[in-house]
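Okay, here's what each chain looks like letter by letter:
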Amino acid sequence: MKFSAFNISKDLVKILEEKGYVETTPIQQVVLSKALKGENIVAKSETGSGKTHAFLIPIIENAKESNSLQAIILAPSRELARQTYKFACEICNEISYKKINVKLFISGEDSSKDLKSFKNGCNILIATPGKLKSLIEQTDFDLAQLKTLVLDEADMLLDSGFFQTIDSIIKKCDKSLQIEVFSATISEGLEVFLKKYISPDYVVTSTTNELTSKTVKHFFINTKHKDTLELLLVFINQFNPYLLLIFANSKKKARDIYNFLSQNKIKCGILSGELEARERKSMLRRIKNDEFRVVVCSDLVSRGLDIENVSDVLSVDLPNNLEYYYHRAGRTGRNCKTGNSYVFYDHDTFDLPSKLVQDGLEVSFLKLDNGVFVPTSSPIKDKRKAKKTPTELDLEIKKAKIKTMSKKVKPGYKKKVKVAIDKVKRKHRREIIKKDIRRQREERYIKESKER
(Lines give C-alpha, C1' and ligand atoms only; values in the text may rest on other atoms or scores of the structure.)
Protein backbone atom coordinates (compact mmCIF):
# COMPACT_ATOMS: atom_id res chain seq x y z
CA MET A 1 0.00 0.00 0.00
CA LYS A 2 1.26 3.49 -0.88
CA PHE A 3 1.45 6.47 1.49
CA SER A 4 -0.93 8.28 -0.90
CA ALA A 5 -3.69 5.83 0.13
CA PHE A 6 -3.78 7.33 3.65
CA ASN A 7 -5.22 10.63 4.84
CA ILE A 8 -1.94 12.47 4.29
CA SER A 9 -1.68 15.80 2.44
CA LYS A 10 -0.54 15.63 -1.18
CA ASP A 11 2.38 17.94 -0.44
CA LEU A 12 3.70 15.62 2.30
CA VAL A 13 3.18 12.52 0.10
CA LYS A 14 5.20 14.23 -2.64
CA ILE A 15 8.05 14.97 -0.20
CA LEU A 16 8.02 11.35 0.97
CA GLU A 17 8.14 10.08 -2.60
CA GLU A 18 11.09 12.37 -3.36
CA LYS A 19 12.88 10.85 -0.36
CA GLY A 20 12.17 7.35 -1.69
CA TYR A 21 9.27 6.53 0.66
CA VAL A 22 6.52 5.32 -1.66
CA GLU A 23 5.30 1.94 -0.36
CA THR A 24 4.45 1.44 3.31
CA THR A 25 5.87 -1.41 5.38
CA PRO A 26 3.45 -3.80 7.15
CA ILE A 27 3.77 -2.02 10.51
CA GLN A 28 3.19 1.37 8.84
CA GLN A 29 0.02 0.03 7.21
CA VAL A 30 -1.32 -0.99 10.63
CA VAL A 31 -0.25 2.14 12.51
CA LEU A 32 -0.73 5.09 10.13
CA SER A 33 -4.55 5.23 10.02
CA LYS A 34 -4.80 4.93 13.84
CA ALA A 35 -2.03 7.45 14.52
CA LEU A 36 -3.47 10.00 12.08
CA LYS A 37 -6.78 9.86 14.00
CA GLY A 38 -5.00 10.48 17.32
CA GLU A 39 -5.62 6.99 18.68
CA ASN A 40 -3.36 5.35 21.26
CA ILE A 41 -1.04 2.72 19.82
CA VAL A 42 1.11 -0.15 21.03
CA ALA A 43 3.06 -1.38 18.05
CA LYS A 44 5.02 -4.57 18.57
CA SER A 45 7.12 -5.31 15.52
CA GLU A 46 10.48 -6.76 14.59
CA THR A 47 13.44 -4.40 14.37
CA GLY A 48 14.06 -2.73 11.02
CA SER A 49 10.37 -2.73 10.13
CA GLY A 50 9.88 1.02 9.66
CA LYS A 51 8.55 1.95 13.11
CA THR A 52 10.18 5.40 13.14
CA HIS A 53 8.34 6.73 10.10
CA ALA A 54 5.14 5.07 11.35
CA PHE A 55 4.99 7.60 14.21
CA LEU A 56 6.86 10.53 12.61
CA ILE A 57 4.65 10.97 9.56
CA PRO A 58 1.34 11.34 11.49
CA ILE A 59 2.99 13.75 13.97
CA ILE A 60 4.28 15.92 11.11
CA GLU A 61 0.95 15.74 9.26
CA ASN A 62 -1.06 16.76 12.36
CA ALA A 63 1.37 19.45 13.59
CA LYS A 64 0.01 23.02 13.70
CA GLU A 65 2.09 26.09 12.92
CA SER A 66 2.54 27.65 16.38
CA ASN A 67 5.08 28.03 19.18
CA SER A 68 3.48 25.33 21.32
CA LEU A 69 5.01 21.95 22.09
CA GLN A 70 2.82 19.37 20.35
CA ALA A 71 4.79 16.11 20.41
CA ILE A 72 7.51 14.51 22.54
CA ILE A 73 9.47 11.54 21.23
CA LEU A 74 11.53 9.72 23.85
CA ALA A 75 14.40 7.43 22.84
CA PRO A 76 16.60 5.35 25.20
CA SER A 77 19.96 6.39 23.70
CA ARG A 78 21.57 9.46 22.21
CA GLU A 79 22.28 7.63 18.97
CA LEU A 80 18.68 6.56 18.47
CA ALA A 81 17.37 10.03 19.37
CA ARG A 82 19.81 11.62 16.92
CA GLN A 83 18.76 9.18 14.21
CA THR A 84 15.06 10.01 14.74
CA TYR A 85 15.89 13.74 14.66
CA LYS A 86 17.68 13.28 11.34
CA PHE A 87 14.64 11.50 9.84
CA ALA A 88 12.32 14.25 11.11
CA CYS A 89 14.48 17.09 9.75
CA GLU A 90 14.81 15.25 6.45
CA ILE A 91 11.06 15.67 5.97
CA CYS A 92 10.28 18.90 7.86
CA ASN A 93 13.00 20.94 6.15
CA GLU A 94 11.27 20.30 2.80
CA ILE A 95 7.83 21.46 3.98
CA SER A 96 7.01 24.96 2.69
CA TYR A 97 3.28 25.15 3.47
CA LYS A 98 3.85 25.28 7.25
CA LYS A 99 6.81 25.73 9.57
CA ILE A 100 7.47 22.84 11.94
CA ASN A 101 10.17 23.39 14.53
CA VAL A 102 11.97 20.14 15.49
CA LYS A 103 14.58 20.13 18.25
CA LEU A 104 16.90 17.52 19.71
CA PHE A 105 17.86 17.40 23.40
CA ILE A 106 20.29 14.68 24.42
CA SER A 107 22.85 14.21 27.19
CA GLY A 108 26.41 15.24 26.47
CA GLU A 109 25.43 18.55 24.84
CA ASP A 110 25.80 22.10 26.19
CA SER A 111 22.98 22.56 28.74
CA SER A 112 22.93 26.37 28.59
CA LYS A 113 22.53 26.31 24.78
CA ASP A 114 19.79 23.69 25.11
CA LEU A 115 17.86 25.83 27.59
CA LYS A 116 18.10 28.90 25.37
CA SER A 117 17.03 26.90 22.32
CA PHE A 118 14.10 25.34 24.15
CA LYS A 119 12.81 28.71 25.40
CA ASN A 120 12.66 29.87 21.79
CA GLY A 121 9.99 27.23 21.30
CA CYS A 122 9.58 23.96 19.43
CA ASN A 123 6.75 21.82 18.06
CA ILE A 124 8.39 18.40 18.09
CA LEU A 125 10.82 17.55 20.88
CA ILE A 126 13.06 14.52 20.46
CA ALA A 127 14.98 13.68 23.62
CA THR A 128 16.55 11.14 25.92
CA PRO A 129 14.70 10.79 29.26
CA GLY A 130 17.51 12.16 31.42
CA LYS A 131 17.80 15.32 29.33
CA LEU A 132 14.04 15.76 29.26
CA LYS A 133 13.90 15.48 33.05
CA SER A 134 16.55 18.20 33.31
CA LEU A 135 14.56 20.49 30.98
CA ILE A 136 11.38 20.00 33.02
CA GLU A 137 13.21 20.87 36.24
CA GLN A 138 14.92 23.99 34.83
CA THR A 139 12.18 25.56 32.70
CA ASP A 140 8.50 26.45 32.77
CA PHE A 141 7.64 23.30 30.89
CA ASP A 142 4.20 23.89 29.31
CA LEU A 143 2.46 20.63 28.44
CA ALA A 144 -0.98 22.17 27.88
CA GLN A 145 -0.85 21.78 24.09
CA LEU A 146 0.96 18.44 24.04
CA LYS A 147 -0.97 16.08 21.74
CA THR A 148 1.32 13.07 21.36
CA LEU A 149 3.88 11.22 23.49
CA VAL A 150 5.94 8.55 21.70
CA LEU A 151 7.99 5.97 23.60
CA ASP A 152 10.46 4.45 21.14
CA GLU A 153 12.04 1.13 22.20
CA ALA A 154 9.73 1.42 25.19
CA ASP A 155 10.79 -1.65 27.14
CA MET A 156 14.37 -0.38 27.17
CA LEU A 157 13.17 3.03 28.42
CA LEU A 158 11.39 1.42 31.34
CA ASP A 159 14.18 -1.09 32.05
CA SER A 160 16.60 1.84 32.29
CA GLY A 161 14.67 3.29 35.22
CA PHE A 162 12.97 6.19 33.42
CA PHE A 163 9.43 5.23 34.42
CA GLN A 164 9.09 8.08 36.93
CA THR A 165 10.08 10.70 34.34
CA ILE A 166 7.53 9.33 31.86
CA ASP A 167 4.95 9.02 34.62
CA SER A 168 5.38 12.67 35.68
CA ILE A 169 4.95 13.90 32.08
CA ILE A 170 1.72 11.96 31.52
CA LYS A 171 0.22 13.20 34.82
CA LYS A 172 0.71 16.82 33.72
CA CYS A 173 -0.99 16.28 30.38
CA ASP A 174 -4.61 16.36 29.31
CA LYS A 175 -6.47 13.04 29.42
CA SER A 176 -6.83 13.19 25.64
CA LEU A 177 -3.04 12.75 25.25
CA GLN A 178 -2.19 10.26 22.51
CA ILE A 179 0.35 7.70 23.77
CA GLU A 180 2.26 5.70 21.18
CA VAL A 181 4.38 2.80 22.39
CA PHE A 182 6.84 1.15 19.98
CA SER A 183 8.96 -1.84 20.87
CA ALA A 184 10.23 -5.11 19.41
CA THR A 185 9.31 -6.88 22.67
CA ILE A 186 6.73 -6.34 25.41
CA SER A 187 8.51 -6.92 28.72
CA GLU A 188 6.83 -7.49 32.10
CA GLY A 189 7.64 -3.93 33.18
CA LEU A 190 6.11 -2.52 30.00
CA GLU A 191 2.94 -4.54 30.54
CA VAL A 192 2.55 -2.86 33.97
CA PHE A 193 2.89 0.55 32.29
CA LEU A 194 0.34 -0.31 29.60
CA LYS A 195 -2.23 -1.51 32.14
CA LYS A 196 -1.88 1.78 34.01
CA TYR A 197 -2.32 4.11 31.05
CA ILE A 198 -4.05 2.14 28.32
CA SER A 199 -7.74 1.26 28.51
CA PRO A 200 -8.78 -2.44 28.55
CA ASP A 201 -10.35 -2.19 25.08
CA TYR A 202 -7.00 -1.14 23.69
CA VAL A 203 -5.69 -3.32 20.85
CA VAL A 204 -2.01 -4.22 20.60
CA THR A 205 -0.94 -4.29 16.99
CA SER A 206 1.74 -6.58 15.65
CA THR A 207 2.99 -7.31 12.16
CA THR A 208 4.35 -10.75 12.91
CA ASN A 209 5.39 -13.06 15.69
CA GLU A 210 8.95 -12.91 14.41
CA LEU A 211 11.45 -10.95 16.51
CA THR A 212 13.83 -10.56 13.61
CA SER A 213 13.24 -10.27 9.90
CA LYS A 214 12.66 -13.48 7.97
CA THR A 215 15.50 -12.40 5.68
CA VAL A 216 18.03 -13.02 8.50
CA LYS A 217 19.67 -16.45 8.70
CA HIS A 218 21.00 -17.67 12.06
CA PHE A 219 24.20 -19.70 12.56
CA PHE A 220 25.70 -21.07 15.79
CA ILE A 221 29.44 -21.84 15.70
CA ASN A 222 31.03 -24.36 18.07
CA THR A 223 34.40 -22.86 19.04
CA LYS A 224 35.47 -25.97 21.01
CA HIS A 225 37.18 -23.72 23.58
CA LYS A 226 39.58 -22.26 20.99
CA ASP A 227 40.80 -18.69 21.42
CA THR A 228 37.96 -16.32 20.48
CA LEU A 229 40.24 -13.60 19.17
CA GLU A 230 42.07 -15.97 16.81
CA LEU A 231 38.74 -17.36 15.60
CA LEU A 232 37.61 -13.85 14.72
CA LEU A 233 40.44 -13.62 12.19
CA VAL A 234 39.39 -16.97 10.68
CA PHE A 235 35.78 -15.79 10.56
CA ILE A 236 36.56 -12.47 8.85
CA ASN A 237 38.92 -14.08 6.31
CA GLN A 238 36.46 -16.85 5.42
CA PHE A 239 33.17 -14.94 5.23
CA ASN A 240 34.63 -11.62 4.07
CA PRO A 241 31.64 -9.57 5.33
CA TYR A 242 30.68 -6.31 3.67
CA LEU A 243 29.95 -4.75 7.07
CA LEU A 244 30.24 -6.85 10.22
CA LEU A 245 29.00 -5.86 13.68
CA ILE A 246 30.73 -7.84 16.45
CA PHE A 247 28.81 -7.80 19.76
CA ALA A 248 30.30 -8.44 23.21
CA ASN A 249 28.57 -8.38 26.59
CA SER A 250 31.02 -6.03 28.28
CA LYS A 251 32.80 -2.80 27.39
CA LYS A 252 36.14 -4.40 28.35
CA LYS A 253 35.66 -7.37 26.02
CA ALA A 254 34.60 -5.03 23.21
CA ARG A 255 37.77 -2.97 23.74
CA ASP A 256 39.97 -6.11 23.81
CA ILE A 257 38.49 -7.28 20.50
CA TYR A 258 38.92 -3.84 18.95
CA ASN A 259 42.57 -3.65 20.05
CA PHE A 260 43.33 -7.17 18.78
CA LEU A 261 41.76 -6.62 15.35
CA SER A 262 43.50 -3.24 15.00
CA GLN A 263 46.84 -4.86 15.82
CA ASN A 264 46.16 -7.41 13.09
CA LYS A 265 45.68 -4.63 10.53
CA ILE A 266 41.89 -4.90 10.28
CA LYS A 267 40.46 -1.40 10.10
CA CYS A 268 37.59 -1.39 12.54
CA GLY A 269 35.46 0.96 14.60
CA ILE A 270 34.05 0.64 18.10
CA LEU A 271 30.74 1.69 19.64
CA SER A 272 30.36 1.21 23.37
CA GLY A 273 29.30 3.04 26.50
CA GLU A 274 32.90 3.93 27.35
CA LEU A 275 33.08 6.48 24.53
CA GLU A 276 32.35 10.12 25.28
CA ALA A 277 29.39 11.71 23.48
CA ARG A 278 31.63 13.50 20.99
CA GLU A 279 33.58 10.30 20.27
CA ARG A 280 30.40 8.30 19.71
CA LYS A 281 29.02 10.96 17.36
CA SER A 282 32.27 11.00 15.39
CA MET A 283 32.43 7.20 15.27
CA LEU A 284 28.85 6.94 13.97
CA ARG A 285 29.63 9.47 11.25
CA ARG A 286 32.69 7.49 10.18
CA ILE A 287 30.71 4.22 10.16
CA LYS A 288 28.01 5.76 7.97
CA ASN A 289 30.73 7.06 5.64
CA ASP A 290 31.82 3.41 5.09
CA GLU A 291 35.25 3.84 6.67
CA PHE A 292 35.11 0.40 8.35
CA ARG A 293 34.18 -3.12 7.34
CA VAL A 294 34.12 -4.26 11.01
CA VAL A 295 32.57 -2.47 14.01
CA VAL A 296 32.89 -3.83 17.56
CA CYS A 297 29.87 -3.05 19.74
CA SER A 298 28.38 -3.38 23.16
CA ASP A 299 24.57 -3.64 23.40
CA LEU A 300 24.42 0.14 23.18
CA VAL A 301 23.68 -0.12 19.42
CA SER A 302 21.52 -3.24 19.51
CA ARG A 303 18.32 -1.29 20.06
CA GLY A 304 16.76 0.64 17.20
CA LEU A 305 19.91 2.18 15.73
CA ASP A 306 19.85 1.97 11.94
CA ILE A 307 23.27 1.42 10.41
CA GLU A 308 22.86 0.86 6.70
CA ASN A 309 24.18 -2.15 4.79
CA VAL A 310 25.09 -4.35 7.77
CA SER A 311 25.62 -7.73 6.08
CA ASP A 312 26.56 -9.79 9.14
CA VAL A 313 26.27 -9.75 12.93
CA LEU A 314 28.47 -11.87 15.21
CA SER A 315 27.85 -12.35 18.94
CA VAL A 316 31.03 -13.61 20.62
CA ASP A 317 28.86 -14.27 23.69
CA LEU A 318 25.16 -14.06 24.44
CA PRO A 319 23.43 -11.70 26.91
CA ASN A 320 21.54 -13.34 29.78
CA ASN A 321 18.43 -11.52 28.58
CA LEU A 322 18.00 -13.34 25.28
CA GLU A 323 15.70 -10.64 23.92
CA TYR A 324 18.85 -8.66 23.30
CA TYR A 325 20.03 -11.37 20.88
CA TYR A 326 17.07 -10.58 18.64
CA HIS A 327 17.89 -6.88 18.81
CA ARG A 328 21.48 -7.65 17.82
CA ALA A 329 20.38 -9.87 14.94
CA GLY A 330 17.95 -7.14 13.88
CA ARG A 331 20.81 -4.83 12.92
CA THR A 332 21.06 -6.82 9.68
CA GLY A 333 18.35 -7.87 7.23
CA ARG A 334 16.74 -4.44 7.47
CA ASN A 335 14.37 -3.05 4.84
CA CYS A 336 13.90 -6.49 3.24
CA LYS A 337 17.63 -7.02 2.67
CA THR A 338 19.26 -10.37 3.51
CA GLY A 339 21.66 -10.82 6.41
CA ASN A 340 23.37 -13.36 8.66
CA SER A 341 23.60 -13.58 12.43
CA TYR A 342 26.34 -15.75 13.99
CA VAL A 343 26.93 -16.84 17.59
CA PHE A 344 30.13 -18.31 19.10
CA TYR A 345 29.54 -20.99 21.74
CA ASP A 346 31.28 -23.93 23.38
CA HIS A 347 30.21 -26.80 25.62
CA ASP A 348 30.27 -24.62 28.76
CA THR A 349 28.17 -21.80 27.27
CA PHE A 350 25.63 -23.77 25.25
CA ASP A 351 22.71 -23.29 27.68
CA LEU A 352 21.75 -19.89 26.24
CA PRO A 353 22.01 -20.88 22.54
CA SER A 354 20.00 -24.04 23.23
CA LYS A 355 17.22 -21.91 24.79
CA LEU A 356 16.97 -19.91 21.57
CA VAL A 357 16.59 -23.15 19.60
CA GLN A 358 13.99 -24.46 22.06
CA ASP A 359 12.08 -21.18 21.65
CA GLY A 360 11.72 -21.98 17.95
CA LEU A 361 14.64 -20.09 16.36
CA GLU A 362 15.68 -21.81 13.12
CA VAL A 363 19.44 -22.30 13.33
CA SER A 364 22.18 -23.87 11.23
CA PHE A 365 25.24 -25.17 13.09
CA LEU A 366 28.88 -24.76 12.09
CA LYS A 367 32.19 -26.08 13.41
CA LEU A 368 35.88 -25.45 12.72
CA ASP A 369 37.42 -28.17 10.56
CA ASN A 370 40.99 -27.81 9.23
CA GLY A 371 40.88 -24.06 9.73
CA VAL A 372 37.53 -23.59 7.98
CA PHE A 373 33.99 -23.24 9.33
CA VAL A 374 31.86 -26.06 7.90
CA PRO A 375 28.25 -27.22 8.48
CA THR A 376 27.65 -29.78 11.23
CA SER A 377 24.68 -31.49 12.83
CA SER A 378 22.78 -29.97 15.72
CA PRO A 379 24.30 -30.79 19.13
CA ILE A 380 20.82 -30.78 20.67
CA LYS A 381 19.76 -34.37 21.07
CA ASP A 382 16.19 -35.54 21.41
CA LYS A 383 16.07 -36.47 25.08
CA ARG A 384 12.75 -38.23 24.78
CA LYS A 385 13.39 -41.94 25.18
CA ALA A 386 11.58 -44.32 22.90
CA LYS A 387 9.01 -46.32 24.79
CA LYS A 388 10.44 -49.80 25.32
CA THR A 389 8.12 -52.65 24.34
CA PRO A 390 8.26 -55.29 27.12
CA THR A 391 9.53 -58.71 25.99
CA GLU A 392 8.01 -62.04 26.94
CA LEU A 393 10.78 -62.45 29.54
CA ASP A 394 10.00 -59.00 31.06
CA LEU A 395 6.33 -59.98 31.46
CA GLU A 396 7.20 -63.33 33.08
CA ILE A 397 9.60 -61.63 35.54
CA LYS A 398 6.89 -59.10 36.44
CA LYS A 399 4.39 -61.92 37.11
CA ALA A 400 6.96 -63.74 39.29
CA LYS A 401 7.58 -60.56 41.34
CA ILE A 402 3.87 -59.99 41.92
CA LYS A 403 3.31 -63.63 42.92
CA THR A 404 6.29 -63.70 45.32
CA MET A 405 5.83 -60.29 47.01
CA SER A 406 3.21 -60.11 49.76
CA LYS A 407 1.37 -57.07 51.10
CA LYS A 408 3.32 -57.30 54.36
CA VAL A 409 7.07 -57.08 54.13
CA LYS A 410 8.56 -60.19 55.74
CA PRO A 411 12.20 -61.09 56.50
CA GLY A 412 14.00 -62.57 53.50
CA TYR A 413 11.46 -61.30 50.94
CA LYS A 414 14.18 -59.87 48.67
CA LYS A 415 15.87 -63.28 48.52
CA LYS A 416 12.56 -64.97 47.65
CA VAL A 417 11.96 -62.45 44.84
CA LYS A 418 15.48 -63.01 43.51
CA VAL A 419 15.01 -66.80 43.57
CA ALA A 420 11.70 -66.46 41.71
CA ILE A 421 13.28 -64.21 39.07
CA ASP A 422 16.25 -66.59 38.62
CA LYS A 423 13.79 -69.46 38.18
CA VAL A 424 11.96 -67.57 35.43
CA LYS A 425 15.26 -66.73 33.71
CA ARG A 426 16.44 -70.37 33.82
CA LYS A 427 13.13 -71.51 32.39
CA HIS A 428 13.45 -68.86 29.66
CA ARG A 429 16.99 -70.03 28.81
CA ARG A 430 15.81 -73.67 28.63
CA GLU A 431 13.04 -72.68 26.24
CA ILE A 432 15.56 -70.88 24.03
CA ILE A 433 17.87 -73.91 24.02
CA LYS A 434 14.94 -76.25 23.15
CA LYS A 435 13.88 -73.96 20.30
CA ASP A 436 17.45 -73.86 19.00
CA ILE A 437 17.73 -77.67 19.11
CA ARG A 438 14.43 -78.02 17.20
CA ARG A 439 15.64 -75.48 14.63
CA GLN A 440 18.92 -77.38 14.11
CA ARG A 441 17.01 -80.69 13.69
CA GLU A 442 14.65 -79.15 11.15
CA GLU A 443 17.56 -77.67 9.18
CA ARG A 444 19.41 -81.02 9.24
CA TYR A 445 16.25 -82.91 8.09
CA ILE A 446 15.71 -80.47 5.20
CA LYS A 447 19.35 -80.76 4.15
CA GLU A 448 19.28 -84.60 4.21
CA SER A 449 16.01 -84.64 2.24
CA LYS A 450 17.58 -82.56 -0.52
CA GLU A 451 20.61 -84.87 -0.74
CA ARG A 452 18.50 -88.00 -1.33
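Residues numbered from 1 in each chain as written. Predicted model: local features only at pLDDT ≥ 70, side-chain atom pairs only at ≥ 80, totals over all residues. Heavy atoms only, no water.

Turning next to the pattern of salt bridges. Within the structure shown, the criterion is met by nine salt bridges. Two residues, Lys34 and Glu39, come together in a salt bridge whose shortest N-O distance is 3.9 Å. For Lys34, a relative accessible area of 27% puts it in the partly exposed group. Glu39 sits in the partly exposed class, given a relative accessible area of 33%. Here Glu79 ties to Arg280 by a salt bridge, and the two come within 2.6 Å at their closest N and O atoms. Of the two residues, Glu79 is situated in helix 4 (residues 78-92) and Arg280 in helix 12 (residues 277-288); the sequence distance between them amounts to 201 residues. Residues Glu79 and Arg280 agree in their burial class; the two are buried. (Salt bridge = Lys/Arg side-chain N within 4 Å of Asp/Glu carboxyl O. Buried < 20%, exposed > 50% of the residue type's maximum accessible area, 1.4 Å probe, protein only. Helix = DSSP H or I, 4+ residues; strand = E, 2+ residues; numbered from the N terminus.)

Within the secondary structure, Ser315 is located in strand 12 (residues 312-315). Sequence-distant contacts of Ser315, defined by excluding residues within four places in its chain, comprise Phe247, Tyr325, Arg328, Tyr342, Val343 and Phe344. (Contact = heavy atoms within 4.5 Å.)

A few words on the environment of Ser96. Position of Ser96 relative to the elements: it lies in the loop between helix 4 and strand 3 (102-105). As for Ser96 and Leu12, which are separated by 84 residues in sequence, their C-alpha atoms are 9.9 Å apart.

Counted at 1.5 Å a residue, the expected span for helix 11 (residues 251-263) with its 13 residues is 18 Å, and the 18 Å between its end C-alpha atoms agrees. Looking at helix 11, one finds that the buried residues are Ala254, Ile257, Tyr258, Phe260 and Leu261. With its buried residues spanning 165° around the axis, helix 11 presents them on a single face. The exposed set on the far side of helix 11, more than 90 degrees from its buried face, consists of Lys252 and Gln263. Its buried side turned inward, helix 11 meets helix 10 (228-239), strand 9 (244-247), strand 10 (268-271) and strand 11 (294-297). (Expected span 1.5 Å × (residues − 1). Arc of directions from axis to C-beta.)

Of the residues in the protein chain, 87% reach a pLDDT of 70 or more, and the chain-wide mean stands at 83. Here residues 382-386 is a poorly scored stretch, pLDDT under 50, and it has zero contacts once near neighbours within four places are set aside; other chains count. (pLDDT = per-residue confidence, 0-100.)

Of all seven residues that make up strand 8 (residues 216-222), six are buried, and the element is covered over most of its length. As paired elements, strand 8 and strand 13 (residues 339-345) share seven bridges and run parallel to each other. Across the sheet, Asn222 pairs through a bridge with Tyr345, a residue of strand 13. One ladder, built from five bridges, connects strand 8 with strand 14 (residues 363-369); its direction is parallel. Note on strand 14: the bridge partner recorded for Asn222 is Lys367. (Pairing = 2+ DSSP bridges.)

Right, let's get into the state of the cysteines. As enumerated under the stated definition, the model contains zero disulfides in all. With no disulfide of its own, Cys89 has Cys92 as its nearest cysteine by sulfur position, at a separation of 6.8 Å. Residue classification places Cys89 among the buried positions, given a relative accessible area of 15%. (Disulfide = S-S within 2.5 Å.)

Here eight strands make up an open sheet; going across it, the order is 10-11-9-12-13-8-14-15 and the pairing mixed. Edge positions in the sheet fall to strand 10 and strand 15 (372-376), since each of these pairs with one other strand and no more. Averaged over all pairs of adjacent strands, the angle between strand axes in this sheet comes to 25°, irrespective of strand direction. With four bridges connecting them, strand 9 and strand 12 associate as parallel partners. Opposite Leu244, over in strand 12, you have Asp312 as the bridge partner. Sheet strands in contact with helix 10 are strand 8, strand 9, strand 11, strand 12, strand 13, strand 14 and strand 15, and its direction is about 85° off that of strand 15. Sheet contacts for helix 11: strand 9, strand 10 and strand 11; angle to strand 10, the most-contacted strand, approximately 170°. (Axes fitted to C-alpha atoms, helices over the stretch in contact; angles between N-to-C directions.)

One way to put it is that helix 4 packs onto helix 12 with a least axis distance of 11 Å and a crossing angle of 55°. For the element pair helix 4 / helix 12, the angle class is oblique. Helix-helix and strand crossings are classified by hand; for helix 4 and helix 12 the assignment is right-handed. Residues Arg78, Glu79 and Arg82 of helix 4 lie in contact with helix 12, whose contacting residues are Ala277, Arg280, Lys281 and Leu284. Here the contact of helix 4 with helix 12 is built from residues that sort into two nonpolar, no polar and five charged. (Parallel < 35°, antiparallel > 145°, perpendicular 65-115°, else oblique. Left-handed = near helix turned anticlockwise from the far one by under 90°. Nonpolar A, V, L, I, M, F, W, Y, C, P; charged D, E, K, R; others polar.)

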